[in-house]
Structure formats: C-alpha cells, structure tokens
Amino acid sequence: MKLIFEKSVQGRSSAYLPPCDVECADLPESLRRESAPRLPELSETDVSRHYTELNHNVHGVNCGFYPLGSCTMKYNPRIDEEIAALPGFTGIHPLAPAHAVKGCREVLDTARRYLCEITGMDDMTFQPAAGAHGEFTGVLLIKQYHDARGDKKRTKIIVPDSAHGTNPATAAMCGYQVVNIASAPNGCVDLEALKAALGEDTAGLMLTNPNTVGIFDENILEITRLVHEAGGLCYYDGANLNAVMGVVRPGDMGFDCIHLNLHKTFATPHGGGGPGAGAVGCKETLKPYLPASALMDGGEHVQVRSFAGNFLVVVKALAYLLTLGREGVPEAAQNAVLNANYLMEKIKPAFRPAFDRLCMHEFVLDLGEFKKETGVSALDVAKSLIDYGMHPPTMYFPLIVHEALMLEPTETESKETLDWAADVFRQLSELARKDPEFMHAAPHNAQIGRPDEVRAARSPVLRYTF
Ligand SMILES: *Cc1c(COP(=O)(O)O)cnc(C)c1O
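If you're wondering where the values come from, they're calculated on a predicted model, not measured in any experiment.

> Looking at this structure, I do not really get the overall build of the protein chain. What am I missing?
Scanning the protein chain from N- to C-terminus turns up 17 helices and 10 strands. Computed over the C-alpha atoms, the radius of gyration of the protein chain is 25 Å, within 12% of the 23 Å expected from 2.2 N^0.38 for a compact globule of 466 residues. Across its three principal axes, the protein chain shows a C-alpha extent of roughly 75 × 70 × 45 Å. Burial analysis of the protein chain (466 residues in total) assigns 47% to the buried set. Carbon and sulfur atoms form 55% of the exposed surface of the protein chain, whose accessible area is close to 23,300 Å². Within the protein chain, the 58 negative side-chain charges are centred at a point lying 2 Å from the centre of the 43 positive side-chain charges.

Take a look at the structure:
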C-alpha cells in the first residue's frame, strides 16, 4: 500500500475555506518559514479511500477473533465510550475549582470505592497512565514503607520466572535487585525456591495470580504468609483481572498492593496505543505513601503524573461496572474462565497444552513436540492464523515454555466463534503434516508477511524521507 505522501499530486486539494473576512496581517520576516511545508496534497475522495484502506488492513476486535494472551482483547461495550464522551466529562479543565467539578470527583470516588471492594484494598490512586507505570508506583510505595521504618537492608524483590517482563523491569527501575525464582513443574511458585530466596534483604514479592500460564496458585495464602514473615510486602500484578474479579480478592490473598489495567479488564481497549490507566490500590499500611488520591484533594501528596491521571478511562471503568452490576462482574469472570477452558479442551486433540489442567482466563500451548515432528514452529502456526482472519495468540511467552502460544479468548466470544477457532487450529495441525513448506511461508494474504522483527524494533523508520 502506498503512503499518503506517495499518493500526493501537486496542486490537488480539498480545502473549503471561506474567504478571509478580516484584514491580513503580515508575519515578521524572522517568524516566516523559508519554504512551504511538504504536506500531502489530495482530494477528499483520495483521503477518505486512504484511511478506509488503512482501516481494512488493521485487525481489531471488531474484525474478528483476537485471542492475544495476557492482553484481554475483549469487546468493550459502546455505551462506555458514549458515556465518556459526554461534554460534562470531556469539557472540564484540570485546574477547575473543586465545586465546579463535583460530578467528576464523585466519579473518581465511586470508581475508587468499587475497585477497592473488588480488589480488597483500602485506597486507590488513578494517576498512573499504564500497567507498567502502576507497577512502578506500587513498588515505590513498598520502598517508601521500608524507608520510613529505617529498614535500609531490604534491597531485593523476588519475581518468579513466569512473570510478565514488566515486573523485573519495574523492580530494577525502582533500584532493587531482582531475584528470579524458578517455577515448580506445575507452573506455580516453588515454595522451596521461595523460602530459599527470602531473607532480611527481601523488600517484597511481585506476583500475578492466576499466573501467566493461566493457573491459579493454590498455595497463595502460604506464599504471602512466608513473605510477610520475612518482613517483605506482596505486590499483585492485576493487569488481567478477568479471571477473578468479583470471585476472589487479591487483598484476601494477602497482597498489600496491586495495580489494575483499566485498559484491559475495565472497558478501555488495550492495544490501540491510546490512553490507559494503571490504577494502584493498597492496604492501610501503604496509604500514607499513595500519590495524590482519587479525590484531587490538593494535599501534600507525591505525584506520578499530572492531575488525576487519564480521567476518561476511569469514567469508562465506572460505566462498565455500573452496567454489569454486582452479579455481572463475577459472571464476566466466570465466562472468561469457561471460554478459556472450553477452547483449550477443543484445541487439545490438535495441540498439547503446556499444563494440562483446569485453567483460568488463558492457557498456553506447548508446540515443542509438534515442531520436532513436523518442523512447523509456534511462529509458523501464528503466522498461518492470519490467513484465516484470526489474530495470532501471544507467542514465545511465558519464557518457561519454549514453543509457546498463549491464548486468552475472553468472556465476550460466543460458542460459535470458539468452535470455529478450534477448527482452524485442527486444520493447521493437519496442514503442518501435509505441507509444512506452505506454513513456513505464511501468511499468504496479508500486507506484511514476516518483517525483520529485530530491525523493526531496533531501527524503526518512523519518518518519511522525501
Ligand atoms: C499488560 C500487562 C502489564 C503491563 O501493562 P501496560 O499497560 O502495557 O504497561 C503488566 N503485567 C501483566 C501481567 C500484563 O498483562
């Protein structure tokens, strides 16, 4: 597809500016540019077709199945967008006096109360703009806690090897040494490895439960007890809360601090690169260190971002919670778990799950043996799915499974879609035995096939050069 600059034809335009009805003023020479900007020149039809073509080349939740694990690519109800677009929410100014934005403050406070109830936390801030930003904020709370007690010897954060990559990165950004502990064969925390890692230098543990292989750690109470006994605190990565919201609470599992990705679980789409919110909740003990609270009370709080964070994301989260209600929230979680287990069982005859047991909201396929038998890798399968109109699952993550495909169907998919997806996987497992070469070259019907991913990441071309 041509870039918009390449479609440009000199002199063509679609400007409908009215004639100027005020006196023209000359800009001083020093402010004038020397040459005209090189903007693309196109007719309205061309512009419309260009963006429609781009739209057709993008795969979104509105186009088809998008089982990208650890990302919660679910369908978000339109009503949440509509409510967040109300002028009373979009027209406010961050410096407006409190009495002028009472309704907005109430939104923040109500969302804070509901999400604290769902997570079992005592307070929450909406300042952080993303999950990783929330982690950073949360681990800084833990640091502040130890510092305030004069406990300077706690220099280490324990992170299991199945963790999301942002966890060790966060601990390191906060100045901690990262202690990796190996998972047990069932994908959960190895209690002996945890005990061996714990000590007087432990500041805390970062964990997600269900973990990144989609399994709920049954030893969770023992895990958090051991960390507390050693004087550390427990951080819960609640980026994908789908599996447990309204069913069990991280606060009751013994966690002291949590972040939620409102842009995964609570009605803001994830993956569009748009604004997000990494709400950070904490127990009473950490409350004094929380950045400016949801209520923008203007006290002497630290800030990790300007004002109250991405406010409209919070509006969507509250609209979502209010439309689902007390029964709907756990029902969504149960459906997320049901859909994942249903799909795993249907795919199982074709591809082996890495952990063949009841999963939560997502599961991991292990294509190690499959690759040995057929020569077809997880990457080949992922690329082949594109030709069927399915977005590939998360690949090669978690790192503890080598040929991993990680699927998260989410609660918003129908049985028909899941049946179709399972059938596509079955067809691909047959194709791999018949025509592996075809799969090595997939996708065959996409604009971009197999880009050089290292070059794309290390030396991206972000600017058009004429
Ligand atoms: C998505 C995710 C994050 C990071 O969230 P961002 O908003 O992308 O920074 C952290 N942990 C887990 C488990 C996630 O799935």
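Picking up after the structure, the text goes on.
> Looking at this structure, how should I read unusual backbone geometry?
Among all residues except glycine, the phi angle is most often negative; among peptide bonds, the trans geometry is most common. Geometrically, the link from Asn209 to Pro210 is a cis peptide bond, its omega value of 5 degrees lying close to zero. When you line up the elements, Pro210 lands in the loop between strand 4 (202-207) and helix 9 (220-229). One non-glycine residue, Thr72, lies in positive phi territory at about 50 degrees. On the secondary structure map, Thr72 appears in the loop between helix 2 (44-56) and helix 3 (78-84). Using a relative accessible area of 2% as the deciding quantity, one classes Thr72 as buried. Phi is positive for Tyr396, which is not a glycine, with a value near 55 degrees. Of note, Tyr396 is situated in the loop between strand 9 (394-395) and strand 10 (404-407).

> What exactly am I supposed to notice about the packing of aromatic side chains here?
To describe a pair of aromatic rings, you give the distance between the ring centres and the angle between the ring planes. One pass over the full model with this rule turns up eight aromatic pairs. Ring geometry for Phe266 and Tyr320: centres 6.3 Å apart, planes at 80 degrees, overall edge-to-face. Pair noted here: Phe266 is in the loop between helix 11 (262-265) and strand 7 (278-282) and Tyr320 is in helix 12 (residues 311-347), with a separation of 54 residues, a long-range link. As far as the burial class goes, Phe266 and Tyr320 line up, both buried. Grouping aromatic residues by their ring pairs yields a cluster made of Phe5, Tyr464 and Phe466. The residue whose ring lies beneath Arg38 is Phe466, and the NZ or CZ to ring-centre distance is 3.9 Å. Across the ring face of Tyr176, the terminal group of Lys143 is positioned such that the distance to the ring centre comes to 5.0 Å.

> Quick question: what am I supposed to make of helix 15 (residues 415-434) here?
Residues spaced three or four apart along an α-helix face the same direction, because each turn holds 3.6 residues. Over its 20 residues, helix 15 extends 29 Å from the first C-alpha to the last, a length consistent with the 28 Å expected when each residue adds 1.5 Å. Of all the residues in helix 15, the buried ones are Leu418, Ala421, Ala422, Val424, Phe425, Leu428, Ser429 and Ala432. Seen end-on, helix 15 carries its buried residues on one side only, within an arc spanning 150 degrees. The outward face of helix 15, more than 90 degrees from its buried face, is lined by the exposed residues Lys415, Glu416, Arg433 and Lys434. For helix 15, the elements touching its buried residues are helix 12, strand 8 (363-366), helix 13 (368-374), helix 14 (378-387), strand 10 and helix 16 (436-440).

> I'm lost on the site of the ligand in this one. Help?
By nearness alone, 13 residues border the ligand, and Gly131, Ala132, Asp237, His263 and Lys264 come closest of all. Interatomic distance of 2.7 Å between a backbone N/O atom of Gly131 and an oxygen atom of the ligand. Between the ligand and the protein, one listed contact pairs an oxygen atom with a side-chain N or O atom of Lys264 at 2.7 Å. Surface burial for the ligand is 88%, taken as the share of its 380 Å² of free accessible area covered by protein chains. For the shell around the ligand, the secondary structure elements donating two or more residues are helix 6 (131-148) and helix 11. Among the elements that take part in the shell around the ligand, helix 6 stands out by supplying three residues, more than any other. When its residues are assigned to classes, the shell around the ligand shows three nonpolar, seven polar and three charged.

Thresholds, definitions, all that
- Residues numbered from 1 in each chain as written.
- Predicted model: local features only at pLDDT ≥ 70, side-chain atom pairs only at ≥ 80, totals over all residues.
- Heavy atoms only, no water.
- Helix = DSSP H or I, 4+ residues; strand = E, 2+ residues; numbered from the N terminus.
- Rg over C-alpha atoms; globule rule 2.2 N^0.38 Å.
- Buried < 20%, exposed > 50% of the residue type's maximum accessible area, 1.4 Å probe, protein only.
- Areas by Shrake-Rupley, 256 points an atom, 1.4 Å probe, with all protein chains shown as cover.
- Lys, Arg positive; Asp, Glu negative; His and termini not counted.
- Charge placed at Lys NZ, Arg CZ, Asp CG, Glu CD.
- Phe/Tyr/Trp six-rings, centres within 6.5 Å; stacked < 30°, edge-to-face > 60°.
- Lys NZ or Arg CZ within 6 Å of the ring centre and 35° of its normal.
- Expected span 1.5 Å × (residues − 1).
- Arc of directions from axis to C-beta.
- Contact = heavy atoms within 4.5 Å.
- Near = heavy atom within 4 Å.
- Polar contact = N/O pair within 3.5 Å; in protein donor to acceptor, adjacent residues only side chain to side chain.
- Nonpolar A, V, L, I, M, F, W, Y, C, P; charged D, E, K, R; others polar.

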